[in-house]
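# Fold and contact review
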Amino acid sequence: MCGIYGIAKSPKPYTKKQSRIAKKVLRDIAIDSETRGSHSSGIASIGETCTIYKSLLPSAKFVDSKEYNTATKSLDKGSNILLGHTRFATEGAIVVNNAHPFQVGSTIGAHNGCVYNIDEMQTQLDKQCPVDSQLIFKSIDATDNIQEAVKDFDSDFALSYVKDNPNILHLCRENNRPLSVAYVPQLKTLFYASESDFLIDALRKQCIKVDVVKLNKNTLYSYNVGLFGDTKSNVQKTDFEYESRVYNNSINYYGSRFNNWTNQVEYEYDNYDYVSDEIPEYDDEYTLSPDWLSKQQNELSRIYEGTRPSEWNYDMTEHQW
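A brief report on the enclosed structure follows. (Residues numbered from 1 in each chain as written. Predicted model: local features only at pLDDT ≥ 70, side-chain atom pairs only at ≥ 80, totals over all residues. Heavy atoms only, no water.)

### Overview of the pattern of salt bridges
Counted according to the given criterion, the structure contains ten salt bridges. Between Arg-245 and Asp-154 there is a salt bridge, with the nearest N and O atoms lying 2.9 Å from each other. Of the two residues, Arg-245 is situated in the loop between β13 (236-239) and α8 (263-270) and Asp-154 in the loop between α6 (146-150) and β7 (158-163); the sequence distance between them amounts to 91 residues. The partly exposed category is assigned to Asp-154, whose relative accessible area is 26%. Its salt-bridge partner being Arg-177, residue Asp-156 comes within 3.7 Å of it at the nearest N-O pair. Residue Asp-156 is located in the loop between α6 and β7, and its partner Arg-177 is located in the loop between β8 (168-173) and β9 (180-184); the two are separated by 21 residues in the primary sequence. Across this residue pair, the class does not change: Asp-156 and Arg-177 are buried. (Salt bridge = Lys/Arg side-chain N within 4 Å of Asp/Glu carboxyl O. Helix = DSSP H or I, 4+ residues; strand = E, 2+ residues; numbered from the N terminus. Buried < 20%, exposed > 50% of the residue type's maximum accessible area, 1.4 Å probe, protein only.)

So, in structure tokens, the structure goes:
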């Protein structure tokens, strides 16, 4: 029970306005994705080099961290794909190293789901892993195509990964795990998330009207960002055979944010003093920009009447005011 989300953009540089819009959409998707797991967060920036950022912060706080913002800034500096993940731990301790995404060989990926044949896969792949998801990417990295890889699986899965070519994003799912995408032609950008509502809500806030599409099961969708066009993503699809487990009840139903399962998440939201819609700005030494701090202090004092700007301080440890 995790969430995967992310972005893939054309190599053509964003304008400042496009960059701001894309980052706001991604930020909102990341915050919504916390409802699928709050044990840890992570994001991989993929371009000429790959950097993976991991944290034990829940996603709504992780988006205000310097790590997350360094990752999103890389979209303006040559990275065209970001892979995000929110973890609900099912296998492996809740420690930073066990947060997704993972890099295994030349494959960087994030996984939503569970692996049921861990011992068998560890023996077959000759790999011991603290997190079952790493076995998924070991299998993908060790084979030439997705059909060969899934032969090793007894798993529920929705996957996002990049292998060999840093400009191709691969997405796929089996029957039990959801995954949706939205291509925004005016940005030449693809957004994806575990739940379609996350995409719909984030795009609506920016007044973007595009189709949100649920991916078909047992199909690998390969998005080459160099082929992103003015009207469509020009995705390449590869069908594969996989027999999903059958469950009597949905294992992906999270229901309302006010149900018992998400009460704690909602409680945490309610106790934030303030969550800014503006992405924090950092200087070259990764300290918060004085101009950004000043604007936020003035805004907070306006919202909370009776307070002065100087009374507001940003906690760099908690990543909140």
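Text resumes after the structure shown.
### Section: helix α1 (residues 16-32)
Compared with an ideal rise of 1.5 Å per residue, which puts 17 residues at 24 Å, α1 spans 25 Å between its outermost C-alpha atoms and is within 8% of the ideal. When you tally the buried positions in α1, you get twelve out of 17 residues, the bulk of the element. Taken residue by residue, α1 has Ser-19, Ala-22, Lys-23, Lys-24, Val-25, Leu-26, Arg-27, Asp-28, Ile-29, Ala-30, Ile-31 and Asp-32 as its buried positions. (Expected span 1.5 Å × (residues − 1).)

### Concerning the environment of Leu-300
Along the chain, the position of Leu-300 falls in helix α9 (residues 290-303). Overall, Leu-300 belongs to the buried group, its relative accessible area being 0%. Between the C-alpha atom of Leu-300 and that of Glu-311, which follows or precedes it by eleven residues, the distance is 9.6 Å.

### Overview of the sheet that holds strand β11 (residues 212-214)
Pairing within the open sheet is antiparallel, and its seven strands lie in the order β3-β2-β4-β1-β10-β9-β11. On the outer flanks of this sheet lie β3 (50-55) and β11, each paired with one strand and no other. Direction aside, the axes of adjacent strands within the sheet are offset by 15° on average. Alignment of strand β1 (residues 3-9) against strand β10 (residues 189-193), held across five bridges, turns out to be antiparallel. Note that in β10 the partner of Ile-7 across the bridge is Phe-191. (Pairing = 2+ DSSP bridges. Axes fitted to C-alpha atoms, helices over the stretch in contact; angles between N-to-C directions.)

### Describing unusual backbone geometry
For the bond from His-100 to Pro-101, the omega torsion is -5°, close enough to zero to count as cis. As for its placement among the helices and strands, Pro-101 is situated in the loop between β4 (81-87) and β5 (102-104). Positive phi, normally seen in glycine, also occurs at Asp-164, with a value near 70°. As for its placement among the helices and strands, Asp-164 is situated in the loop between β7 and β8. Here the phi dihedral of Cys-207 falls at roughly 60°; this positive angle occurs in a residue that is not glycine. On the secondary structure map, Cys-207 appears in the loop between α7 (196-205) and β11.

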